[in-house]
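Structural characterization, general
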Amino acid sequence: MMKNRTHPAADLDTIVKDERSHAILLAANLLPSNWKVSDNEEVRILEFGVKLKVVPEVSGSWPACYVGSDKRIEVADDFLTSSDYRREEKIATILHELGHAAFAFKSEIANRNEGKDSMDSYLGSMERLFGDRSAAITLEEEFFADDFTMLCGFTEPLNSVLLKLDQIAPERIARIEKGEPLNRPAFRA
């Protein structure tokens, strides 16, 4: 749990899983305490119970992924050291994966509260936008993760990294460029 109640960033680095990951993130100036997200978002990130681990490679097209079964975010070593991406783009990518952890966290709370959580309003927005929720489950989670990243103040770097990495997501890119977050209050519960 949090030790430093006056400034939670001092504890934010506790999400880093191991010494190797800590050393790589430190060398790249990417330790969580250096992300410059608000104190409120730092507290939320700590609540998710997620661990950040730097790995040699991540499967898939993204250089980071959220492993929900372990509440772990894996980030590829070569992505963190690459000069092809700005520091802010790397942070946006990690925050996007933290958005997946937020989605899982909020869904778990909603299930415990029999759907009375603000997560319902977010999922309701998705259903209205896409119709059949089951057909859009992946996209809704991606939008949620994007919204979390934007809420943390990394809208432009997220858009930039999406353009570089994820050309298969034109609806996500268009949504960000239009400034159309679906339901940011979903993060405020």
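Residues numbered from 1 in each chain as written. Predicted model: local features only at pLDDT ≥ 70, side-chain atom pairs only at ≥ 80, totals over all residues. Heavy atoms only, no water.

1. Section: the overall build of the protein chain
Secondary structure summary: the protein chain contains 9 helices and 3 strands in total. Looking at the protein chain as a whole, 52% of its 189 residues are labelled buried. Expressed as a percentage of contacts within the protein chain between residues at least 6 apart in sequence, the contacts between residues at least 24 apart total 61%. Taken as a whole, the protein chain presents about 9200 Å² of accessible surface, with 50% of it coming from carbon and sulfur. (Helix = DSSP H or I, 4+ residues; strand = E, 2+ residues; numbered from the N terminus. Buried < 20%, exposed > 50% of the residue type's maximum accessible area, 1.4 Å probe, protein only. Contact = heavy atoms within 4.5 Å. Areas by Shrake-Rupley, 256 points an atom, 1.4 Å probe, with all protein chains shown as cover.)

2. Structural notes on the sheet that holds strand 3 (residues 72-76)
Strand order in the open sheet made by the 3 strands is 1-3-2, with mixed pairing throughout. Every interior strand has two partners, whereas the edge strands, strand 1 (51-55) and strand 2 (64-67), have only one. Within this sheet the neighbouring strands show an average axis-to-axis angle of 25°, counted without direction. Pairing analysis gives 4 bridges linking strand 2 to strand 3, with the strands arranged antiparallel. Counterpart to Tyr66 in the pairing with strand 3 is Ile73. (Pairing = 2+ DSSP bridges. Axes fitted to C-alpha atoms, helices over the stretch in contact; angles between N-to-C directions.)

3. Remarks on the nonpolar core
In this structure, Trp35, Ile45, Phe48, Leu80, Leu95 and Leu98 are the most contacted members of the largest nonpolar core, which totals 47 residues. Of the residues forming this core, the biggest block, 9 residues, is contributed by helix 5 (residues 87-112). Contact partners of Leu95, with chain neighbours within four places excluded, come to Trp35, Val37, Ile45, Phe148, Thr149, Cys152 and Phe154. (Core = buried A, V, L, I, M, F, W, Y, C linked by side-chain atoms within 4.5 Å.)

4. As for the packing of aromatic side chains
Under the definition given, this model contains 3 aromatic pairs. With a centroid separation of 5.2 Å and an interplanar angle of 80°, the aromatic rings of Phe103 and Phe144 are classed as edge-to-face. Remark: Phe144 occurs in helix 7 (residues 137-151) and Phe103 occurs in helix 5; sequence separation between them is 41 residues. Judged by its relative accessible area of 7%, Phe103 is buried. Above the ring of Phe143, the side-chain terminus of Arg175 is found at 4.2 Å from the ring centroid. (Phe/Tyr/Trp six-rings, centres within 6.5 Å; stacked < 30°, edge-to-face > 60°. Lys NZ or Arg CZ within 6 Å of the ring centre and 35° of its normal.)

5. Quick word on the packing of helix 8 (residues 155-165) against helix 9 (residues 170-178)
In a pair of packed helices, the angle between the axes and the distance between the axes together describe the arrangement. At a closest axis distance of 10 Å, the pairing of helix 8 and helix 9 adopts a crossing angle of 155°. The angle between helix 8 and helix 9 places the two elements in the roughly antiparallel class. When you trace helix 8 past helix 9, the crossing you get is left-handed. From helix 8, Thr155, Leu158, Asn159, Leu162 and Leu163 reach across to helix 9, where they touch Arg172, Ile173, Ile176 and Glu177. (Parallel < 35°, antiparallel > 145°, perpendicular 65-115°, else oblique. Left-handed = near helix turned anticlockwise from the far one by under 90°.)

6. As for the pattern of salt bridges
By the definition in use, this model includes 11 salt bridges. A salt bridge links Asp70 to Arg72; the shortest N-O distance between them is 2.6 Å. Since its relative accessible area comes to 46%, Asp70 is described here as partly exposed. By relative accessible area, Arg72 is classed as buried at 15%. Of the charged contacts, one joins Arg86 and Glu89 as a salt bridge, the two residues approaching to 3.6 Å between their closest N and O atoms. A relative accessible area of 35% places Arg86 in the partly exposed class. (Salt bridge = Lys/Arg side-chain N within 4 Å of Asp/Glu carboxyl O.)

7. A few points about the side chain of Arg72
Tracing the backbone through its elements, the reader meets Arg72 in strand 3. Here Glu74 takes part through its side chain, which lies 2.8 Å from a polar atom of the side chain of Arg72. Dropping the residues within four chain positions of it, Arg72 is found in contact with Lys17, Val50, Lys51, Lys53, Cys65, Tyr66 and Val67. (Polar contact = N/O pair within 3.5 Å; in protein donor to acceptor, adjacent residues only side chain to side chain.)

8. Let's talk about helix 2 (residues 19-27)
Looking at helix 2, one finds that the buried residues are Ser21, Ile24 and Leu25. The buried residues of helix 2 occupy an angular sector of 95° when the element is viewed end-on, so they sit on one face. Across helix 2 from its buried face, at more than 90 degrees, point the exposed residues Glu19, Leu26 and Ala27. Structurally, helix 2 contributes buried residues whose contacts are with strand 1 and helix 4 (77-81). (Arc of directions from axis to C-beta.)

Note that every value here comes from positions in space, so none of it alone points to a role or purpose.
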